[in-house]
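Given next are the chains, with one letter for each unit.
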Amino acid sequence: MSWAARAATAASGTVLGEEAPGPSGPARRNGTTPRTVRSVSGLVSVIGAAVIWIALLGPVIALFTHLSWHAVRTSLTAPGALDPLVVSVESGAVTLAVLFVLGTPLAWLMARGRLPFPRVWEAGVLCSLLLPPLVIGLLLIFMVGPYTPIGELLGRVHLSATNTFLALCIAEVYESAPYYVLSAQAAFSGVDPRLEQQAQLLGDRPARVFRRVTLPLATPGLAMGLSVAWARAMGAFGAVVIIAYHPFGIPLQIYTTLQETGLASALPFALVLLVVALPLPLAAYIWSARAGRRRRG
Amino acid sequence: MGIACVGLAAAACSSSSSPSGNSSASASASASAKPTGTANVAYASSLQYLNEKVVSPAFTSAEGYKFSGRGGASGELEQNIASGEISPNVFQAVGGDNITPLEPKFTKWYVQYAGTSIVVAYNPTGPHASAFKAIADGSQPVCSLFSSVLQTPGLKLGRTDPNIDPQGRDFIMMLQLAQSYCHLPSDTVAKIIGTSDFGTASSSQIYAESALEATLQSGQLDAASAFISQAVQLHLSSIKLPDAINLGSFADAAAYKKATVTVKSGKTYKGSPQVIDITTIGTPTAAGIAFVRYTLSSAGLAQYKAGGFTVLTPTAFGDSSAIPAAIKSELGG
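Residues numbered from 1 in each chain as written. Chains lettered and ligands numbered in written order. Predicted model: local features only at pLDDT ≥ 70, side-chain atom pairs only at ≥ 80, totals over all residues.

**Thoughts on the overall build of chain B**
Phase 1 of the analysis: A tally of regular secondary structure across chain B gives 14 helices and 13 strands.
Phase 2 of the analysis: Counting the 333 residues in chain B, one finds 51% classified as buried. (Helix = DSSP H or I, 4+ residues; strand = E, 2+ residues; numbered from the N terminus. Buried ≥ 20, exposed ≤ 12 C-beta atoms within 10 Å, placed from the backbone.)

Here is the structure:
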């Protein structure tokens, strides 16, 4: 397993609750006090974790403490106020579909070591994670702008990759792809290759092995990867503001509202973003945790 | 400030910047002390290059204070200051109408000291470059820019959002003035910008201010709106426009008012000469006062001139009694 995959596996293992049963684990099911809080050191750990958790939630807490419900009502009931929500959801769905179709095979090949010079492939994926989204947007101009070969090709079929829905999807794909590919690589790396080999020995072709063995076992990890990518796509801004100023998704709606009418009327759209973007990752988290528990028996 | 900032408090004072953190009295008391502190300046994006690359090092070298800048659309910065989101010492805006809403809570005055004008920047290597060059060098009349070149099918024109950026509004107003100046049909502006709704942001021509010139420089646009100062600083090929339409001439202020843009919020903006205004925000700090004084000095104004701005005689508006004495001295007051 590569270093990136190991790191990601460690991260997703914790997320899935497979390695470290928490309050929903066996202790709670037995109706006893969780072992982690039985001792003073355990209590300190919980308090420390709570402090970190609350600190991480700081911006969200600030959002709710500074929201004026009158402003929420005024901002969200204005004509066309929720159009950006539709744009964000549609572009996010397209982004996930593209990532699943294109990113999954790449992640599988990387996880199974089927590619020459594996570190080069990993470094390539990490590059787009390392580049600031604003820079990705600027570089995408050179790649898909109207006078580039790709742009001219699109122009022949009356499409454009600047300031269009297509441009928005492209920007979101580039901002979220590394999150999905690395998570999917970790998910595939967590599938025991011996199970695949046994299925092959029983006569299954590679495609069937992938469909019947690899994919089901990796699905919880893939779901987590997709949910993280979804959250990233919904909040994508840096690349979007450069190549897809129009049509507005929610992040740009927040940006323009902030400039047009100020903070009070922009914050309600941040609430909308949370409400829309959060359920899918949460559902994926819960489902993945349950799948992990089922697998452990 | 020098008296107030002793011992442990010195570090806090040197990091500076709350507008209410220092009094003008302490500011004047620091005259003989070694300057410490930072001038936190919120400025219109069109001043970004000048402030960050030219004025900032020269100001620090001349006055001893540090400089910390934040660029943005003038209207956005005004909103940020009004809501308390940012607390700069100094505010530089395109147009006094972005400062007056802050009066009297945050400031009571502003000084007008420089002007800029609208130009049409173009891609010197694009498919329409020869047409733009012919107008830029005077071999074709400037009116042909509006009557034919900018209406060429497939030409890629970029501009900024009129709802949030003064340049976005100015460009449309310039087109309105050009339509009248060149005696063109009444639908000329709509044909050029692709819509008769001048306030809409739903247009493939509209880019974020930070992206527009970058997109032009990358060769992916044929032409874009720009202030002349941006064209000079970014070395953009551009077409200078007659005073009657470029929103840069004070003599034509009355004529500019005939051009209007109504934005999504329903607010209507009238054309006016594009001026740069400066003021302090909150209780003036020594660093803030020093920055305004430096900007209005002959050395500061020379930097603006070199940057493509029109230098004006600094003129105060509002309650002149509220202007700190050190700044008044630069006004000759």
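There's more to say after this.
**Quick look at the interface of chain B and chain A**
Where interface size is quoted, it is often the accessible area lost as the parts come together.
Phase 1 of the analysis: Contact residues are listed per partner, giving 25 residues for chain B and 23 residues for chain A.
Phase 2 of the analysis: When contributions to the side of chain B that touches chain A are tallied by element, the ones reaching two or more residues are helix H4 (74–82), strand S7 (206–207) and helix H9 (209–217) of chain B.
Phase 3 of the analysis: Here the side of chain B that touches chain A gets four residues from one element, more than from any other, and that element is H4 of chain B.
Phase 4 of the analysis: When its residues are assigned to classes, the side of chain B that touches chain A shows nine nonpolar, 12 polar and four charged. (Contact = placed C-beta atoms within 7 Å. Nonpolar A, V, L, I, M, F, W, Y, C, P; charged D, E, K, R; others polar.)

**Concerning the confidence of the model for chain B**
Residue and element names in this part refer to chain B.
Phase 1 of the analysis: Chain-level statistics for chain B give a pLDDT mean of 86 and a share of 89% at 70 or above.
Phase 2 of the analysis: Throughout residues 1–31 the model reports pLDDT below 50, and contacts reaching past four residues in sequence, or to other chains, amount to 54 contacts.
Phase 3 of the analysis: As scored by the predictor, the complex reaches a pTM of 0.76 and an ipTM of 0.71. (pLDDT = per-residue confidence, 0-100.)

**Some points on the sheet that holds strand S6 (residues 157–160) of chain B**
Backbone hydrogen bonds hold the strands of a sheet together, and the pairing may be parallel or antiparallel.
All names here are of chain B.
Phase 1 of the analysis: The mixed open sheet is built from five strands, whose spatial order is S7-S6-S8-S5-S9. Looking at strand neighbours, the two that pair on one side only are S7 and strand S9 (237–239), the edges of this open sheet.
Phase 2 of the analysis: Against the sheet, helix H7 (residues 166–181) touches strand S5 (118–122), S6 and strand S8 (223–227), its axis set at about 125 degrees to S6. (Pairing = 2+ DSSP bridges. Axes fitted to C-alpha atoms, helices over the stretch in contact; angles between N-to-C directions.)

**Points about the pairing of S8 of chain B**
All names here are of chain B.
Phase 1 of the analysis: Counting buried positions over the five residues of S8 gives five, a clear majority of the element.
Phase 2 of the analysis: The two faces of S8 match: Ala 223, Ser 225 and Phe 227 on one face and Ala 224 and Ala 226 on the other face are all buried.
Phase 3 of the analysis: Both S5 and S8 contribute to a ladder of five bridges, which runs antiparallel. Pairing of Ala 121 across the sheet is with Ala 224, part of S8.
Phase 4 of the analysis: Judged from the two bridges that link them, S6 and S8 form a sheet pairing that is parallel. Residue pairing for S8: Leu 157 is matched across the bridge by Ala 223.

**Side note on the domain arrangement of chain B**
Residue and element names in this part refer to chain B.
Phase 1 of the analysis: Domain annotation for chain B reports domain 1 (20–113 + 275–331) and domain 2 (118–246).
Phase 2 of the analysis: Each of domain 1 and domain 2 has a C-alpha centre, and the two are 31 Å apart.
Phase 3 of the analysis: At the interface, 13 residues of domain 1 touch 11 residues of domain 2.
Phase 4 of the analysis: Put simply, the parts of the chain that give the side of domain 1 that touches domain 2 at least two residues each are helix H3 (48–63) and H4.
Phase 5 of the analysis: It is H4 that provides the largest number of residues to the side of domain 1 that touches domain 2, a total of three residues. (Domains from an automatic or database assignment.)

**A closer look at the packing of helix H5 (residues 69–76) of chain A against helix H15 (residues 263–277) of chain A**
All names here are of chain A.
Phase 1 of the analysis: Running from N to C, H5 and H15 cross one another at 80 degrees; their axes reach a closest spacing of 8 Å. By the angle between their directions, the pair H5 and H15 is classed as roughly perpendicular. On H15, the residues touching Ala 71, Val 72, Ser 75 and Leu 76 of H5 are Ala 264, Ser 265, Leu 267, Pro 268, Phe 269, Leu 271 and Val 272. (Parallel < 35°, antiparallel > 145°, perpendicular 65-115°, else oblique.)

**Re the nonpolar core**
Phase 1 of the analysis: Core analysis: the largest hydrophobic core is formed by 112 residues, its most contacted members being Ala 171 of chain A together with Ala 121 and Met 174 of chain B.
Phase 2 of the analysis: By residue number, the principal contributor to this core is helix H10 (residues 165–189) of chain A, which donates 16 residues.
Phase 3 of the analysis: Excluding anything up to four places from it in sequence, Met 174 of chain B contacts Ile 118, Leu 241, Ile 245, Asn 246 and Leu 247 of chain B.
Phase 4 of the analysis: Core analysis: the next-biggest nonpolar cluster, separate from the first, contains 41 residues, Leu 50, Phe 59, Ile 281 and Ile 323 of chain B among them. (Core = buried A, V, L, I, M, F, W, Y, C linked by C-beta atoms within 7 Å.)

**With respect to unusual backbone geometry**
Phase 1 of the analysis: Residue His 246 of chain A is joined to Pro 247 of chain A through a cis peptide bond whose omega torsion reads 0 degrees.
Phase 2 of the analysis: Its location among the elements puts Pro 247 of chain A in the loop between helix H13 (238–243) and helix H14 (250–261).
Phase 3 of the analysis: At the junction of Glu 103 of chain B and Pro 104 of chain B, the peptide bond is cis and its omega measures out at 0 degrees in the coordinates.
Phase 4 of the analysis: Note on placement: Pro 104 of chain B falls in the loop between strand S3 (90–94) and strand S4 (109–116).
Phase 5 of the analysis: Not every positive phi belongs to a glycine, and His 183 of chain B is a case in point at roughly 55 degrees.
Phase 6 of the analysis: Along the chain, His 183 of chain B falls in the loop between H7 and helix H8 (188–193).

**Comments concerning the sheet that holds strand S2 (residues 66–72) of chain B**
All names here are of chain B.
Phase 1 of the analysis: A sheet is described by the order of its strands in space; here six strands give the open sequence S2-S1-S3-S12-S4-S13, paired in mixed fashion. Edge positions in the open sheet fall to S2 and strand S13 (310–318), since each of these has one partner strand only. Averaged over all pairs of adjacent strands, the angle between their axes in this sheet comes to 20 degrees, without regard to strand direction.
Phase 2 of the analysis: Note that strand S1 (residues 38–44) and S3 share three bridges and pair parallel. Bridge pairing in S3 places Ala 42 opposite Phe 91.

**Quick look at H7 of chain B**
Helical geometry note: an α-helix holds 3.6 residues per turn, so side chains three or four residues apart project in the same direction.
Residues and elements named next belong to chain B.
Phase 1 of the analysis: With 16 residues, H7 should reach 22 Å at 1.5 Å per residue; the first-to-last C-alpha distance of 22 Å fits that figure.
Phase 2 of the analysis: Counting buried positions along H7 yields 14 of 16 residues, so the element is predominantly enclosed.
Phase 3 of the analysis: Looking at the residues trailing H7, positive phi occurs at His 183, about 55 degrees. (Expected span 1.5 Å × (residues − 1).)

**A short note on the environment of Ser 117 of chain B**
Residue and element names in this part refer to chain B.
Phase 1 of the analysis: Mapped onto the elements of the fold, Ser 117 is located in the loop between S4 and S5.
Phase 2 of the analysis: In this structure the C-alpha to C-alpha distance between Ser 117 and Asn 246, which are 129 residues apart in sequence, comes to 5.4 Å.
Phase 3 of the analysis: When residues no more than four places from it in sequence are discounted, the contact partners of Ser 117 are Ile 228, Asn 246, Leu 247, Gly 248 and Gln 274.

**Looking at helix H9 (residues 149–156) of chain A**
Phase 1 of the analysis: With zero of eight residues buried, H9 of chain A lies mostly on the surface of the structure.
Phase 2 of the analysis: His 158 of chain A lies just past H9 of chain A and shows a positive phi near 60 degrees.

**Thoughts on the environment of Ala 129 of chain B**
Phase 1 of the analysis: Structurally, the position occupied by Ala 129 of chain B is in helix H5 (residues 129–136).
Phase 2 of the analysis: Excluding residues within four positions of it along the chain, Ala 129 of chain B makes contact with Tyr 122, Asn 123 and Pro 124 of chain B.

**Brief notes about the packing of H3 of chain B against helix H13 (residues 298–306) of chain B**
Residues and elements named next belong to chain B.
Phase 1 of the analysis: In the contact formed by H3 and H13, the axes pass within 11 Å of each other and the chain directions differ by 155 degrees. It follows from the interaxial angle that H3 and H13 lie roughly antiparallel. Here H3 and H13 pass one another in a crossing that is right-handed. Judged by residue contacts, Leu 50, Val 54, Val 55 and Ala 58 of H3 engage Gly 300, Gln 303 and Tyr 304 from H13. (Left-handed = near helix turned anticlockwise from the far one by under 90°.)

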